[in-house]
Every structure is written in C-alpha cells, then in structure tokens.
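Listed here are the chains, written in short residue letters.
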Amino acid sequence: MEQVGIITSEARPCPWGAPAKPINQCSLTEVMSEELARELQLEEESHAFPGEALTDEGPFLTSENLDTSSDAVLAQMLQMQFDKEYDAQLLREEKKFNGDSKVSISFENFRKVNPCEDSDSSGDEVDWQDTRHDPYKADKPTTTPKRGFIGKGKDITTKHDEVVCGRKNTARMENFVPEFQVGDGIGMDLKLSNQVFNALKQHSISEQRKSARLHDKKEVSTTEKVVDPKTRLLLYKMVNAGVLETINGCVSTGKESVVFHASGGSMEDQEVPDECAIKVFKTTLNEFKNRDKYIKDDYRFKERFSKLNPRKIIRMWAEKEKHNLKRMQKAGIPCPEVVMLKKHILVMSFIGKDQVPAPTLKEAKLGLEDSKAAYSQVLELMKQLYHQCNLVHADLSEYNMMWHDGKVWLIDVSQSVEPTHPHGLEFLYRDCRNVSQFFQKCGVPETPNERELFNIVSDLNITSDNQVDFLAEIEALEKINEAHVQNHSKKVATFQRDDDGPPRLYDE
Ligand code: ATP
Ligand code: MN
C-alpha cells in the first residue's frame, strides 16, 4: 500500500543530497523545519542564478561525501550545527562575563558539544580537576594545562592528585580573598572552583560587615595607637605593682600587636630588665581570624580552642608566644626574655638600647661580611629551633629577626608551631624560602636555595628539584604524620608537652 505523507528513506529523494530534483514529498519533520524551507528557497533561486547555488549553507551540508539519505542522520547534523552555534554564543557570553578578571567562571558545563570533538573550542578552559575519569577528556593526552602554574612549573606532574589539588586551591584563597590566610603562600596560580570561590566571597563580605561593626566599638578593641581601657588598666596595675617603672611610648604598631617600651622595675622572685618591651596583642576579631590556623591545629591548644571566645583566644596567642620564647631561651637562642604575661599583654626584655629598638635585618642594611655572619647564625638558629625547641617559626623573615650586638635575635613567635603541626613543614618551607631569598639578595654566596635549606634544617631528604613537587612531597609527609598523630595523639601529647608544664590560660 502506498504511503501518504510519510515516506521511507529509500523512496524519498533527499532535498540536500539531490538538489537538482524537485521535491514532491517529505517527512513531517522536514515540513516543520525552517532549515528546509530556506533550503527550498535557495534551490529555487539556484535555478534562476546557477553560479551562486547553496553558498549560504553550513559547511556540513555542502560536503559531497555525506550520506544525507537518512532522516536520523539529517536530524543529527542539524542538531550538531545548532549545538555548535549555541556553544559559540556561550563562549562569547563567557568571555564577556569574565572580562579580564583573574577569576574566571567557566560555562563549560552548559556546552552542548563535547569539548574533544570541538576543535575550535576554548582551549584555555582547562580546569584543575581530576580528569582521569572524565569520559569527555579520556582520549585527550594528559598534558600540563596551559594555565595554572606560573613560570617554572611547566614540568609538573602532580596536578592529577586530587588531594594535592584541593590543598593548592585552598592555598590560593589567600590571593583571592586577602582575609583568608591559609598560611603556606605557595606561589602558584591554580584555579579555585567557582563554587568554593563564591562561598568564600560571600563569607568574606559578611565577615567584613561584622568587622566594620566591631571597629565602631573603639572602647572594646585595641586600635592602631590607642589601647582600650581594659588594657590601660592592666598596664597601670603593672606600674602600680612596681614591675614596671614607666611606660614610655610605642615602638611599633604591627599587624597583630602594639609594642611599647617600658623601664623595668622589680619583682620579688625575678629580675626585671632595665628596658622592657610590652607586646599588647590586638583584640579585634579581624586579627584573630588570620591567626586561628596556627593555634587550632596545635595539639597543645586544641582542647581549649573550640571552647573559647575570641578574646580568650587572643590571650592564648600571648600565652603561646610566652611558651615559645621560653623554649627558645632554654636552647640558648637569642630572643627576648619573658618577664610576665597578663591576659593579652606580654612583657619581655627589650632588644635594643636607650629606648631605641635594634634594627630588623631588613632595616639593618648589613655589609657583606656581617651578612655572611648573619646567614650562618640564622642557619644555626633555624636548626636549633627545629631540633632543640621542636618548633617552626612560621613567620620567619628579615622582618622578624633583629640585629643587635653583632647577633641575630629572633622575635615574634606567637604563631610558631611544632613541626608535627598539620602545616608545620609547609610553614618551615616558607620560612626557608624567605631566608634563602633574603640572603641571596644580600649577596651571600653560600646561600642555598629554599629546598636545600629546608633539607639542611629539617634533616629530611626531599629530592624534588622544583617547588611544586617539593611541596607535594611535604604535604604527603604532613598527611602521614597527621594520621600518625591522630592514632597516637595521647602518647605524642604526653611526650612533647612543654617542659614548664602544660600550657595554662592566664587567670587572675
Ligand atoms: P608585625 O606585624 O610588624 O610583624 P607583630 O605584631 O607581629 O608585628 P612583632 O613582630 O613581635 O609584632 O613586633 C613588632 C616590632 O616591635 C618589631 O619589629 C620590633 O621592632 C619591635 N619589637 C618587638 N619585640 C621587641 C623587643 N622584645 N624588643 C625590642 N623591640 C621589639
Ligand atoms: Mn613581626
């Protein structure tokens, strides 16, 4: 029986495959197709203007080899063209949306065409995800993405490690959102997933609002130069008790503290130096937020951390500095001597003379001979700190080392952690990088690079010859150690406690 309206592919002459023949019958789909209507129109015109036939067509329609006899194939071809156009539009929108922004939002998930098939797709849209199991990317060679590492990192092979990747993304938070300091400052350009970035951005905005409200309350927070009434009262008490003779003035207003010079008085059971430095830890939430990473994973303080409010955590900082200084003192490292601790106020010996603090290594502008001497001292100090004090400074740089009496003195150790801290080795690496870069700039010829210095200080033998692999190895070690600490936390805590007893929060 003859079919009416619907024709089989065998019987039906194809409009594109055989344009010369007039078309009498077609399928319902074809009747509905605008493309077909346009085609028919062109065919008609081609008869009138033979030289210009079909010039308006998409490239796939002009190919002589294509089998256009099947409806299914035709439908697929049309769909593919539609998809390509859709994707091209999507790409334009993506470019417009992202502009020159450092953080790009990828529209890749909305693409119709598989990126592998699409040769002119956005080749630079390589994400920092594990793509091993991604069917779209399975047949692509696993080369290093075009973006991601800056400079020397082209030979990196560790990007496919999901864990390493995740950690490095985290490290970037510091660059994107300055308030989120995660501590390692690894100089790599990795792409933070959009979802995470957006969540962070939201959080950052709400934190900024909160901290703006806090800054309004001047009477409860220590600001740049003025101390709040509670701090003032504590300082008066120290003077009244005769521990301090006078408080002379501000030596420095740092990120996390205000430092004053004071003339020492006397105490019953302890010598008080003639010149003292008073470090008043800032009590704004903002300052505290940047620092919690150093304390919350420090097992010595972990127990108490979760239960405390920010004010108490600030006190813990002061307390931590005291404990760390005491350990250093014991090992004979040149550093301020602790006089007393009251809440968030640490009194220590003054490094300098006649109310003038000694210069930091940054300020000292040492000549080559002194620089060489300083370097060999710093190397010794770092080893001592690591092996004898079981500490990593975690903010070691030319800004936190002072040059006094021909010696290097270490200061600012409130953030210092034990090497087994979950990020302890990363902090050590960063310290090594600062030290190495500084002394290289000073022209000290024997300065090793940061990786060599790390191995010298830690006695570890990490062999990677580039930063990214080196850091990956460090992180792997930290992970192993973390698992170990978790398994044996009680045992480790007992063995590694401070010699002067477990840290206590100062109580009045
Ligand atoms: P920053 O953010 O600048 O690192 P901070 O809040 O971490 O500051 P410190 O680094 O401990 O605080 O101290 C800041 C400055 O105060 C030092 O650079 C130094 O000039 C001075 N200072 C700190 N402690 C002493 C001390 N014991 N003797 C003399 N000066 C000191
Ligand atoms: Mn400092």
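Residues numbered from 1 in each chain as written. Chains lettered and ligands numbered in written order. Predicted model: local features only at pLDDT ≥ 70, side-chain atom pairs only at ≥ 80, totals over all residues. Heavy atoms only, no water.

## Some points on the overall build of the protein
Across its full length, the protein holds 16 helices and nine strands. Taking the contacts inside the protein whose residues are at least 6 apart along the sequence as the reference set, 60% of them involve residues at least 24 apart. Carbon and sulfur atoms form 52% of the exposed surface of the protein, whose accessible area is close to 27900 Å². (Helix = DSSP H or I, 4+ residues; strand = E, 2+ residues; numbered from the N terminus. Contact = heavy atoms within 4.5 Å. Areas by Shrake-Rupley, 256 points an atom, 1.4 Å probe, with all protein chains shown as cover.)

## Here we look at the sheet that holds strand E5 (residues 345-349)
If you walk across this open sheet you meet the five strands as E1-E2-E3-E5-E4, and the pairing is antiparallel. Strand pairing shows two members of the sheet lacking a second neighbour, strand E1 (244-253) and strand E4 (338-342), which therefore form its edges. Strand-to-strand, the axes of this sheet are offset by a mean angle of 20°, without reference to chain direction. Relative to E5, E4 is paired through four bridges, and the arrangement is antiparallel. (Pairing = 2+ DSSP bridges. Axes fitted to C-alpha atoms, helices over the stretch in contact; angles between N-to-C directions.)

## Some words on the site of ligand 1
Around ligand 1, 19 residues are found, and the nearest of them are Lys-255, Ser-257, Lys-279, Ile-351 and Asp-412. Lys-279 places a polar side-chain atom, nitrogen or oxygen, 2.6 Å from an oxygen atom of ligand 1. Protein coverage of the free-state accessible area of ligand 1, which is 600 Å², stands at 89%. Of all the elements in the fold, those that place two or more residues in the shell around ligand 1 are strand E2 (257-264), strand E3 (275-281) and E5. In terms of residue class, the shell around ligand 1 is made up of nine nonpolar, six polar and four charged. (Near = heavy atom within 4 Å. Polar contact = N/O pair within 3.5 Å; in protein donor to acceptor, adjacent residues only side chain to side chain. Nonpolar A, V, L, I, M, F, W, Y, C, P; charged D, E, K, R; others polar.)

## Remarks on helix H15 (residues 467-487)
In this model, H15 (21 residues) spans 30 Å end to end at C-alpha, consistent with the 30 Å of a helix rising 1.5 Å per residue. Those residues of H15 that sit buried are Gln-467, Val-468, Asp-469, Phe-470, Leu-471, Ala-472, Ile-474, Glu-475, Glu-478 and Val-485. Backbone nitrogen of Val-468 and a side-chain oxygen of the N-cap are separated by 3.2 Å at the start of H15; the cap is Asn-466. (Expected span 1.5 Å × (residues − 1). Buried < 20%, exposed > 50% of the residue type's maximum accessible area, 1.4 Å probe, protein only.)

## Considering the packing of aromatic side chains
Under the criterion given, the structure shown has six aromatic pairs. Where Phe-97 meets Phe-107, the ring centres are 5.7 Å apart and the plane angle is 50°; that geometry is what we call tilted. Here Phe-97 is found in helix H4 (residues 71-98), whereas its partner Phe-107 is found in the loop between H4 and helix H5 (162-176), with ten residues between them in sequence. On the basis of relative accessible area, Phe-107 is assigned to the buried category, the value being 15%. Each ring, one from Phe-438 and one from Phe-439, has its centre 5.0 Å from the other, and the planes form 75°; the classification is edge-to-face. Each member of the pair Phe-438 and Phe-439 is classed as buried. These aromatic residues form a ring-pair network of at least three members: Tyr-375, Phe-438 and Phe-439. (Phe/Tyr/Trp six-rings, centres within 6.5 Å; stacked < 30°, edge-to-face > 60°.)

## A closer look at the coordination of the manganese ion (ligand 2)
Six octahedral donors around a metal ideally sit at 90 or 180 degrees from one another, while four tetrahedral donors ideally sit at 109.5 degrees. Surrounding the manganese ion (ligand 2) are the protein donor atoms Asn-400 (OD1) and Asp-412 (OD), at 2.1 to 2.2 Å. With Asn-400 in the loop between helix H12 (368-387) and strand E8 (401-404) and Asp-412 in the loop between strand E9 (407-410) and helix H13 (424-441), this residue pair connects regions lying twelve residues apart in the sequence. (Donors = N, O, S within 2.8 Å, 3.2 Å for Na, K, Ca; no water.)

## Considerations on the pairing of E2
The side chains of a regular strand alternate, residue by residue, between the two faces of the sheet. Where burial is concerned, most of E2 is hidden: eight out of the eight residues are buried. Two strands pair when backbone bridges link them, and E1 and E2 are joined in this way by seven bridges, in the antiparallel orientation. Within E2, the residue paired with Cys-250 across the bridge is Phe-260. From the end of E1 to the start of E2, which pair antiparallel, there are three residues. Here E2 pairs with E3 via seven bridges, running antiparallel. When the sheet's bridge partners are listed, His-261 is paired in E3 with Ala-277.

## As for unusual backbone geometry
In this model, Asn-390 sits at a positive phi of 55°, which is unusual for a non-glycine residue. Examined against the element boundaries, Asn-390 turns out to sit in the loop between H12 and E8. We note that Asp-459 has phi near 65°; this positive angle belongs to a residue other than glycine. For Asp-459, the location among the structural elements is in the loop between helix H14 (450-458) and H15. The class for Asp-459 is exposed, based on a relative accessible area of 61%.

## Points about the confidence of the model for the protein
Chain-level pLDDT for the protein is 72 on average; 55% of the residues reach the 70-or-more range. For the stretch residues 17-32, pLDDT sits under 50, and the model shows 22 contacts to residues farther than four places along the chain or on other chains. (pLDDT = per-residue confidence, 0-100.)

## Considerations on the pattern of salt bridges
On inspection of all chains with the given rule, the structure shows five salt bridges. As a salt-bridge pair, Lys-279 and Asp-412 come within 3.1 Å of each other at their nearest N and O atoms. Of this pair, Lys-279 sits in strand E3 while Asp-412 sits in the loop between E9 and H13, placing them 133 residues apart in sequence. It is possible to trace a salt-bridge network through shared partners that takes in Lys-279, Glu-321 and Asp-412. (Salt bridge = Lys/Arg side-chain N within 4 Å of Asp/Glu carboxyl O.)

## Here's the deal with the nonpolar core
Judged by nonpolar contacts, the single largest core of 54 residues is most densely connected at Met-382, Phe-439 and Phe-454. Those residues within four positions of Phe-439 in sequence are excluded, and the remaining contacts are Leu-361, Ser-371, Ala-374, Tyr-375, Val-378, Val-444 and Thr-447. Counting 17 residues, the second largest nonpolar core, distinct from the first, contains Leu-244, Val-272, Cys-276 and Ile-345. (Core = buried A, V, L, I, M, F, W, Y, C linked by side-chain atoms within 4.5 Å.)

## Some thoughts on the packing of H12 against H13
At their nearest, the axes of H12 and H13 sit 11 Å apart, and the two run at 170° to each other. Considered as vectors, H12 and H13 are oriented roughly antiparallel to each other. When H12 is examined against H13, the residues Ser-371, Ala-374, Tyr-375, Val-378, Met-382 and Tyr-386 are found in contact with a partner set consisting of Leu-425, Leu-428, Asp-431, Cys-432, Val-435 and Phe-439. Residues of the contact of H12 with H13, tallied by class, amount to ten nonpolar, one polar and one charged. (Parallel < 35°, antiparallel > 145°, perpendicular 65-115°, else oblique.)

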